[in-house]
Amino acid sequence: AARIDRSPERQRMTDWYRATLEQTVQTLGTDAERGLDDDQAGRLLQEHGPNELVERAAKSPWRMLLEQFTETMVVILLIAALVSGLLGKLTETVAILAIVLMFAILGFVQEYRAERAMAALKKMAVPNVRVRRGGEVREIPARELVPGDILMLEAGNVVPADLRFLEAINLRVQEAALTGESEPVEKHAGPLDEPNLPLGDRRNIGYMGTMVTYGRGTGAV
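Residues numbered from 1 in each chain as written. Predicted model: local features only at pLDDT ≥ 70, side-chain atom pairs only at ≥ 80, totals over all residues. Heavy atoms only, no water.

Okay, the overall build of the protein next. Helix and strand counts for the protein come out as seven helices and seven strands. Tracing the protein from N to C terminus, the helices and strands come up as α-α-α-α-α-α-β-β-β-β-α-β-β-β. Counting all 221 residues of the protein, 33% fall into the buried class. For the protein, the proportion of contacts with a sequence separation of at least 24, taken over those separated by at least 6, is 65%. In the structure as shown, the protein presents an accessible area of about 13500 Å², 57% of it carried by carbon and sulfur atoms. (Helix = DSSP H or I, 4+ residues; strand = E, 2+ residues; numbered from the N terminus. Buried < 20%, exposed > 50% of the residue type's maximum accessible area, 1.4 Å probe, protein only. Contact = heavy atoms within 4.5 Å. Areas by Shrake-Rupley, 256 points an atom, 1.4 Å probe, with all protein chains shown as cover.)

In C-alpha coordinates:
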(Lines give C-alpha, C1' and ligand atoms only; values in the text may rest on other atoms or scores of the structure.)
Protein backbone atom coordinates (compact mmCIF):
# COMPACT_ATOMS: atom_id res chain seq x y z
CA ALA A 1 0.00 0.00 0.00
CA ALA A 2 1.14 3.55 -0.67
CA ARG A 3 2.53 5.43 2.30
CA ILE A 4 1.06 8.75 3.37
CA ASP A 5 3.42 11.54 2.38
CA ARG A 6 4.36 13.61 5.47
CA SER A 7 7.03 15.64 3.66
CA PRO A 8 7.21 19.47 3.73
CA GLU A 9 6.19 19.36 0.05
CA ARG A 10 2.80 18.02 1.02
CA GLN A 11 2.36 20.69 3.65
CA ARG A 12 3.08 23.37 1.03
CA MET A 13 0.72 21.87 -1.55
CA THR A 14 -2.17 24.31 -1.75
CA ASP A 15 -2.48 24.94 -5.49
CA TRP A 16 -3.89 21.52 -6.31
CA TYR A 17 -5.14 22.75 -9.68
CA ARG A 18 -1.52 23.20 -10.83
CA ALA A 19 -0.48 19.65 -9.90
CA THR A 20 -0.32 16.84 -12.44
CA LEU A 21 -2.32 13.68 -11.84
CA GLU A 22 0.86 11.89 -10.75
CA GLN A 23 1.78 14.64 -8.30
CA THR A 24 -1.74 14.66 -6.88
CA VAL A 25 -1.95 10.95 -6.07
CA GLN A 26 1.67 10.82 -4.89
CA THR A 27 1.25 13.79 -2.56
CA LEU A 28 -1.97 12.34 -1.13
CA GLY A 29 -0.39 8.90 -0.76
CA THR A 30 -3.16 7.20 -2.71
CA ASP A 31 -3.65 5.14 -5.89
CA ALA A 32 -5.93 6.32 -8.69
CA GLU A 33 -7.01 2.78 -9.60
CA ARG A 34 -7.18 1.11 -6.19
CA GLY A 35 -7.83 4.03 -3.86
CA LEU A 36 -6.86 3.87 -0.20
CA ASP A 37 -6.81 0.62 1.74
CA ASP A 38 -8.92 0.20 4.86
CA ASP A 39 -6.02 0.74 7.26
CA GLN A 40 -5.02 3.99 5.56
CA ALA A 41 -8.61 5.25 5.51
CA GLY A 42 -9.06 4.40 9.18
CA ARG A 43 -5.90 6.25 10.20
CA LEU A 44 -6.80 9.31 8.13
CA LEU A 45 -10.34 9.39 9.51
CA GLN A 46 -8.90 9.35 13.02
CA GLU A 47 -6.38 12.05 12.10
CA HIS A 48 -8.65 14.45 10.22
CA GLY A 49 -12.06 13.65 11.66
CA PRO A 50 -15.31 13.15 9.73
CA ASN A 51 -16.05 14.96 6.48
CA GLU A 52 -18.73 17.29 7.78
CA LEU A 53 -19.17 20.90 8.75
CA VAL A 54 -18.46 21.63 12.40
CA GLU A 55 -21.72 21.86 14.31
CA ARG A 56 -22.20 24.91 16.47
CA ALA A 57 -25.09 26.38 18.35
CA ALA A 58 -27.09 28.76 16.19
CA LYS A 59 -27.22 32.36 17.35
CA SER A 60 -30.55 34.09 17.74
CA PRO A 61 -31.09 37.20 15.57
CA TRP A 62 -31.29 39.34 18.71
CA ARG A 63 -27.91 38.09 19.91
CA MET A 64 -26.37 38.76 16.48
CA LEU A 65 -27.71 42.31 16.56
CA LEU A 66 -26.52 42.91 20.13
CA GLU A 67 -23.01 41.68 19.28
CA GLN A 68 -22.69 44.31 16.56
CA PHE A 69 -22.56 46.99 19.27
CA THR A 70 -19.56 45.35 20.97
CA GLU A 71 -17.26 45.73 17.94
CA THR A 72 -14.24 47.94 18.62
CA MET A 73 -15.08 50.52 15.95
CA VAL A 74 -18.69 50.77 17.12
CA VAL A 75 -17.62 51.23 20.77
CA ILE A 76 -15.25 54.04 19.73
CA LEU A 77 -18.05 55.74 17.81
CA LEU A 78 -20.42 55.42 20.75
CA ILE A 79 -17.84 57.06 23.02
CA ALA A 80 -17.42 59.84 20.45
CA ALA A 81 -21.20 60.31 20.35
CA LEU A 82 -21.30 60.52 24.16
CA VAL A 83 -18.53 63.11 24.23
CA SER A 84 -20.26 65.17 21.53
CA GLY A 85 -23.53 64.99 23.45
CA LEU A 86 -21.87 66.19 26.65
CA LEU A 87 -20.37 69.12 24.70
CA GLY A 88 -23.80 70.02 23.39
CA LYS A 89 -22.98 69.23 19.75
CA LEU A 90 -26.33 67.76 18.78
CA THR A 91 -25.67 67.58 15.03
CA GLU A 92 -22.42 65.65 15.46
CA THR A 93 -24.05 63.33 18.00
CA VAL A 94 -26.91 62.44 15.66
CA ALA A 95 -24.52 61.92 12.74
CA ILE A 96 -22.29 59.56 14.73
CA LEU A 97 -25.27 57.58 16.03
CA ALA A 98 -26.54 57.23 12.47
CA ILE A 99 -23.16 55.80 11.43
CA VAL A 100 -23.27 53.39 14.39
CA LEU A 101 -26.72 52.23 13.34
CA MET A 102 -25.59 51.64 9.76
CA PHE A 103 -22.55 49.67 10.99
CA ALA A 104 -24.79 47.51 13.18
CA ILE A 105 -27.35 46.84 10.46
CA LEU A 106 -24.68 45.98 7.87
CA GLY A 107 -22.86 43.64 10.27
CA PHE A 108 -26.12 41.98 11.29
CA VAL A 109 -27.21 41.37 7.69
CA GLN A 110 -23.84 39.86 6.75
CA GLU A 111 -23.71 37.53 9.76
CA TYR A 112 -27.35 36.48 9.34
CA ARG A 113 -26.77 35.59 5.69
CA ALA A 114 -23.62 33.66 6.58
CA GLU A 115 -25.51 31.63 9.20
CA ARG A 116 -28.25 30.78 6.71
CA ALA A 117 -25.70 29.83 4.04
CA MET A 118 -23.93 27.45 6.45
CA ALA A 119 -27.23 25.86 7.41
CA ALA A 120 -28.20 25.43 3.75
CA LEU A 121 -24.83 23.88 2.90
CA LYS A 122 -25.14 21.39 5.75
CA LYS A 123 -28.58 20.34 4.50
CA MET A 124 -26.99 19.57 1.12
CA ALA A 125 -24.63 17.05 2.71
CA VAL A 126 -24.64 13.78 0.76
CA PRO A 127 -25.57 10.67 2.80
CA ASN A 128 -23.65 8.07 0.74
CA VAL A 129 -20.98 8.18 -1.97
CA ARG A 130 -19.12 5.73 -4.21
CA VAL A 131 -15.37 5.40 -3.71
CA ARG A 132 -12.54 3.08 -4.63
CA ARG A 133 -11.24 1.37 -1.51
CA GLY A 134 -8.67 -1.42 -1.72
CA GLY A 135 -9.32 -1.90 -5.44
CA GLU A 136 -13.08 -2.23 -5.01
CA VAL A 137 -15.92 0.19 -5.67
CA ARG A 138 -17.78 0.71 -2.41
CA GLU A 139 -20.63 2.85 -1.17
CA ILE A 140 -19.78 4.57 2.11
CA PRO A 141 -21.24 7.43 4.19
CA ALA A 142 -19.97 10.78 2.89
CA ARG A 143 -18.88 11.74 6.42
CA GLU A 144 -16.27 8.93 6.26
CA LEU A 145 -14.44 10.43 3.26
CA VAL A 146 -10.79 11.23 3.93
CA PRO A 147 -8.01 12.99 1.98
CA GLY A 148 -6.83 10.62 -0.75
CA ASP A 149 -10.15 8.84 -1.27
CA ILE A 150 -10.91 8.28 -4.96
CA LEU A 151 -14.48 9.46 -5.45
CA MET A 152 -16.72 8.47 -8.39
CA LEU A 153 -19.28 11.00 -9.63
CA GLU A 154 -22.00 11.09 -12.28
CA ALA A 155 -24.86 13.35 -13.34
CA GLY A 156 -27.20 14.13 -10.46
CA ASN A 157 -24.59 13.72 -7.73
CA VAL A 158 -23.83 16.48 -5.26
CA VAL A 159 -20.06 16.85 -4.76
CA PRO A 160 -19.55 15.74 -1.12
CA ALA A 161 -16.04 17.17 -0.57
CA ASP A 162 -13.48 19.40 -2.27
CA LEU A 163 -11.54 17.31 -4.78
CA ARG A 164 -9.04 17.32 -7.64
CA PHE A 165 -10.50 15.66 -10.74
CA LEU A 166 -8.46 12.74 -12.04
CA GLU A 167 -10.87 11.85 -14.86
CA ALA A 168 -13.59 13.90 -16.52
CA ILE A 169 -15.80 12.55 -19.31
CA ASN A 170 -18.13 15.25 -20.66
CA LEU A 171 -18.27 16.45 -17.07
CA ARG A 172 -20.21 19.60 -16.19
CA VAL A 173 -20.77 20.95 -12.69
CA GLN A 174 -23.23 23.60 -11.53
CA GLU A 175 -21.29 26.04 -9.32
CA ALA A 176 -23.77 28.91 -9.13
CA ALA A 177 -23.86 28.81 -5.32
CA LEU A 178 -20.08 29.32 -5.25
CA THR A 179 -19.30 31.58 -8.22
CA GLY A 180 -22.65 33.01 -9.30
CA GLU A 181 -22.30 31.57 -12.81
CA SER A 182 -25.70 30.46 -14.09
CA GLU A 183 -24.33 27.92 -16.58
CA PRO A 184 -22.72 24.61 -15.54
CA VAL A 185 -18.92 24.63 -15.80
CA GLU A 186 -17.11 22.11 -18.00
CA LYS A 187 -14.48 20.23 -16.00
CA HIS A 188 -11.28 18.47 -17.07
CA ALA A 189 -8.43 16.62 -15.39
CA GLY A 190 -5.35 18.35 -16.79
CA PRO A 191 -3.17 20.68 -14.70
CA LEU A 192 -3.43 24.46 -15.08
CA ASP A 193 -0.26 26.55 -15.25
CA GLU A 194 -1.55 30.01 -14.38
CA PRO A 195 -0.91 31.01 -10.73
CA ASN A 196 -3.52 32.58 -8.43
CA LEU A 197 -6.52 31.53 -10.50
CA PRO A 198 -9.93 32.49 -9.04
CA LEU A 199 -11.97 29.55 -7.74
CA GLY A 200 -14.35 29.64 -10.69
CA ASP A 201 -11.49 29.24 -13.18
CA ARG A 202 -10.01 26.16 -11.55
CA ARG A 203 -11.66 23.78 -14.00
CA ASN A 204 -10.01 20.65 -12.61
CA ILE A 205 -11.31 21.20 -9.05
CA GLY A 206 -14.67 20.17 -7.60
CA TYR A 207 -16.17 21.95 -4.60
CA MET A 208 -18.33 20.60 -1.81
CA GLY A 209 -22.02 21.39 -2.26
CA THR A 210 -21.89 21.88 -6.06
CA MET A 211 -23.81 19.50 -8.36
CA VAL A 212 -22.81 17.36 -11.33
CA THR A 213 -25.29 18.10 -14.13
CA TYR A 214 -23.77 16.11 -17.00
CA GLY A 215 -21.21 13.39 -17.67
CA ARG A 216 -19.11 11.51 -15.14
CA GLY A 217 -15.69 11.60 -13.54
CA THR A 218 -13.46 10.61 -10.66
CA GLY A 219 -11.57 12.82 -8.24
CA ALA A 220 -9.16 12.64 -5.32
CA VAL A 221 -10.54 14.15 -2.10
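Take the nonpolar core next. With 15 residues, the main nonpolar core has V129, L145, L151 and L153 as its most contacted residues. Within the residue set of this core, elements represented by two or more residues are strand 1 (128-133), strand 3 (150-154) and strand 4 (163-174). Ranked by residue count, the leading element in this core is strand 4, at four residues. With near-sequence residues (within four places) excluded, L151 lies in contact with V129, R130, V131, L145, P160, L163, G217, T218, G219 and V221. (Core = buried A, V, L, I, M, F, W, Y, C linked by side-chain atoms within 4.5 Å.)

When you line up the elements, R133 lands in strand 1. Those residues in contact with R133 that lie beyond four places of it in its chain are R34, L36, A41, R138, I140, E144, V146 and D149.

Below, the discussion takes up the environment of S84. Looking at where S84 falls in the secondary structure, it is placed in helix 5 (residues 72-86). When the C-alpha atoms of S84 and I96 are compared, they prove to be 9.0 Å apart, with twelve residues separating the residues in sequence. When neighbours within four sequence positions are excluded, S84 is seen to be in contact with K89, E92, T93 and I96.

The next thing to look at is helix 2 (residues 21-28). Every α-helix winds through 3.6 residues per turn, so residues three or four apart in the chain are directed the same way. Within helix 2 the residues assigned to the buried category are T24, V25, T27 and L28. Along helix 2, the residues classed as buried sweep out an arc of 165° about the axis, all on the same side. When the buried face of helix 2 is taken as reference, the exposed residues oriented beyond 90 degrees from it are E22 and Q26. Once helix 2 finishes, G29 follows within two positions and takes phi at roughly 70°, a positive value. (Arc of directions from axis to C-beta.)

As enumerated under the stated definition, the model contains one aromatic pair in all. Their ring planes at 15° and their centres at 5.9 Å tell us that F108 and Y112 sit as a pair that is stacked. Of the two residues, F108 and Y112 are both situated in helix 6 (residues 90-123); the distance of four residues between them amounts to about one turn of the helix. A residue is classified by how much of its surface remains accessible, and F108, at 22% relative accessible area, is partly exposed. What makes Y112 partly exposed here is its relative accessible area of 32%. (Phe/Tyr/Trp six-rings, centres within 6.5 Å; stacked < 30°, edge-to-face > 60°.)

Our next topic: the confidence of the model for the protein. With 88% of its residues at a pLDDT of 70 or more, the protein shows a mean pLDDT of 86. Throughout residues 1-12 the model reports pLDDT below 50, and contacts reaching past four residues in sequence, or to other chains, amount to 19 contacts. (pLDDT = per-residue confidence, 0-100.)

Okay, a nonpolar patch on the surface next. A surface patch of nonpolar side chains, about 390 Å² in accessible area, is lined by M73, I99, M102 and F103. Considering every element that reaches the nonpolar patch, the biggest residue donor is helix 6, with three residues. Mapped onto the elements of the fold, I99 is located in helix 6. (Patch = residues over 30% accessible without salt bridge, like charges linked within 9 Å, V, L, I, M, F, W, Y side chains within 5 Å. Salt bridge = Lys/Arg side-chain N within 4 Å of Asp/Glu carboxyl O.)

Right, let's get into the pattern of salt bridges. Two side chains carrying opposite charge are able to pair once their charged atoms lie near each other. According to the stated counting rule, one finds eight salt bridges in the structure shown. Linking R63 and E67 is a salt bridge whose minimum nitrogen-to-oxygen distance equals 3.1 Å. In this pair, R63 and E67 are both assigned in helix 4 (residues 61-68), four residues apart and thus about one turn of the helix distant. A salt bridge links E154 to R130, with the shortest nitrogen-to-oxygen separation between them at 3.8 Å. Of this pair, E154 sits in strand 3 while R130 sits in strand 1, and the two are 24 residues apart along the sequence.

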